Structures are given as structure tokens and as C-alpha cells.
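One letter stands for each residue in the lines below.
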Amino acid sequence: MPELPEVETVRTHLAPYVVGKRIVQVEVNAPNVLKNTTVPGFRNRVVGKRIEGLVRRGKYLQFLLSGEQAVLVHLRMTGKLLYRPALQEEPRARLRLHLQKGLLVYEDVRTFGGFWLVPKTGPTGVPGYDTLGPDAAGEAFTAAYLRQCLAGKKRMIKALLLDQHVVAGLGNIYVDEALFAAHIRPDRQAATISRTEVGKLHAAIGRVLAQGLAHGGTTIRDFVDSNGREGTNQSFLQVYGREGMPCPHCGTRLVYTKVSGRGTRYCPHCQRKRRRTQHV
Ligand SMILES: [Zn+2]
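The protein chain appears in an unreviewed UniProt entry as Formamidopyrimidine-DNA glycosylase from Megasphaera lornae. Quoted verbatim from the Sequence similarities (unreviewed entry) field of the UniProt record, the comment on the protein chain reads "Belongs to the FPG family."

Now the structure itself:
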């Protein structure tokens, strides 16, 4: 599933092609991608509007339209937003927005992703959206905030970081990578993580996200940017998808386990259950 760096990659690549353009026609081939409106309802509110901006919050993209409304998009597992300069045969397109020039195409093999019509300001009513935590790449996500979220919590640290109400934008890949970089075992109770460790974890989250962005995202299976290019960050991952291989730090074999139902990789040496006091 695309996480913050992948969604942000789509946003930065797409924005120059679509922002400022008017939507002249809407084509919906799979009505189930529209989550809170009908095809005529969507068409009525969208055709004739200009795309004034494209913003991201967590793993959501929001196309800000002229007038009061916006189109909110979540790609889920296999959703792809692509820009096409001209009309072409597109049997896999679930939805197409014809723009003044070019088209915005939505493909989604499994159709878990979708579109919502929402007001630009105020509550959207989209499940999970209005209660999103601060964006993992935003200024409000500070080490102090993270410390507050962890304090007294019995939940495992990985489950807590995956919770979009705590922090928006992280998923399985970048959480495993950040916990490895911070030397914290994914199944540790949040409350046992020291102030110093929280500082390291916060910095590690920033680093792994920045690395993901710099490489145009991680493509494990489906992710492509709006030009159809795959990301390259998979070549730089330290633990995700590397179970059974030697730890890049210490050579210990990386293990695979489940933490709150999610496949999880870590180094049993670098990420011990409890770190002994380190002597520097
Ligand atoms: Zn190790």
C-alpha cells in the first residue's frame, strides 16, 4: 500500500499537469470507486470546475476545486493516478477526468481505493479522515508530541505508529525501517521507550521518509508515479522484505514475525526487547 512518500511522489508529479486546469468531462467506468456520491452527483459538482490545488494529508490526496468543494482520493492497495497528455484506449481506467488539456486517469485493479466529494473546509464525514493525527512529515509531528502519544501506553510501538489517528502517513514499510534505524523492537510496549529513544525514533521516521521521497517512493508490487514510473526506494530498504538475510549493521539474520497482525521484520540483536544502558 502506498505510504506517505509514495502518495507525496504522486502529488508532486501530478500537480504541475493538473493544477490550474478545468475539468471538462467525467467518465466513470466503475461506479463503486465513488464512495459518497452517485455518478450524476459527481459529474454535476465536478464538471466545469477548475483544479486549484492538490494537497496531501497522510495517505490521502485532495484536489481542491473552484467553489466550495474538493475531491478526496485514497489509493489503498492498488490505486494509481496517472496523467495522460491525450486520449487513448484505456481498458483498465476506473475513472477519467478529461481536463482542458490532458486527462487524469484512475486505475485500480482491486478497487479498494476511492473518491469522495467533500467540502474544502470543515468535517468531511469520510470515515477516519477527520480524526487523522498530524502528518508524519509535517511540523506538528514533533518528538514532544510523539513522547506524549507513547507515555503510559501499553500498546506495542509498531501498532501505535501504524495508527493514523496518532500520526498520519506511516505504513508497514516505513514503520519497520524507522524502528530498525532507531534500534527499537517493534513489539515493545510504547510506555517502556525512553525519552532518548523517542528522540531517536522521531529522527529515524524523518530520515526514512526523506529517503523514500528522494527515491520516488518504494515499489514492492504496484506503486507507480503519475507518469507510470516505479520508485527505487526498495533497493535501499534495510529490513523490509529482507527476512532471513543478514542485518546490514551486525550480520545477525533478520527475523519475520507478526505484530498486531502485520508482517514485521527486525534484527533480534540490534532491536533487543530492552536495551541495556549504553556506555559511550
Ligand atoms: Zn543487527
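Next comes the rest of the write-up.
Caption draft 1: View of the domain arrangement of the protein chain. Taken as a whole, the protein chain is organised into domain 1 (4-119) and domain 2 (143-266). Once you take the C-alpha centre of each, domain 1 and domain 2 turn out to be 29 Å apart. Taken together, the 17 residues of domain 1 in the interface contact 20 residues of domain 2. In total, about 1,500 Å² of surface goes out of reach between domain 1 and domain 2, with carbon and sulfur atoms giving 64% of it. Where domain 1 meets domain 2, there are zero salt bridges.

Caption draft 2: Summary view of the UniProt feature "domain: FPG-type" (unreviewed entry) in the protein chain. Under the UniProt annotation, the feature "domain: FPG-type" (unreviewed entry) is placed at residues 238-272. With 0% helix and 29% strand, residues 238-272 has its two end C-alpha atoms placed 17 Å apart.

Definitions and limits used
Along each chain, residue indices are assigned from 1 in the same order as the chain's sequence is written. pLDDT decides what is reported in this predicted model: residues at 70 or higher carry local features, side-chain atom pairs at 80 or more are listed and counted, and totals for whole chains, interfaces and linings draw on all residues regardless. In computing side-chain properties, one takes all heavy atoms of the structure into account and sets aside hydrogens as well as water. UniProt positions are given in the numbering used here, feature names are shortened, and annotations may be inferred rather than shown by experiment. The source of the domain bounds is an automatic or database domain assignment. Residue contacts are counted whenever heavy atoms from the two residues lie within 4.5 Å of one another. Once two parts are put together, the accessible area they lose, assessed with a 1.4 Å probe and summed over both, is termed the buried area. Each salt bridge in this description consists of a side-chain nitrogen of Lys or Arg and a carboxyl oxygen of Asp or Glu lying within 4 Å of one another. Segments assigned H or I by DSSP are reported as helices when at least four residues long, segments assigned E as strands when at least two residues long, and all are numbered from the N terminus.

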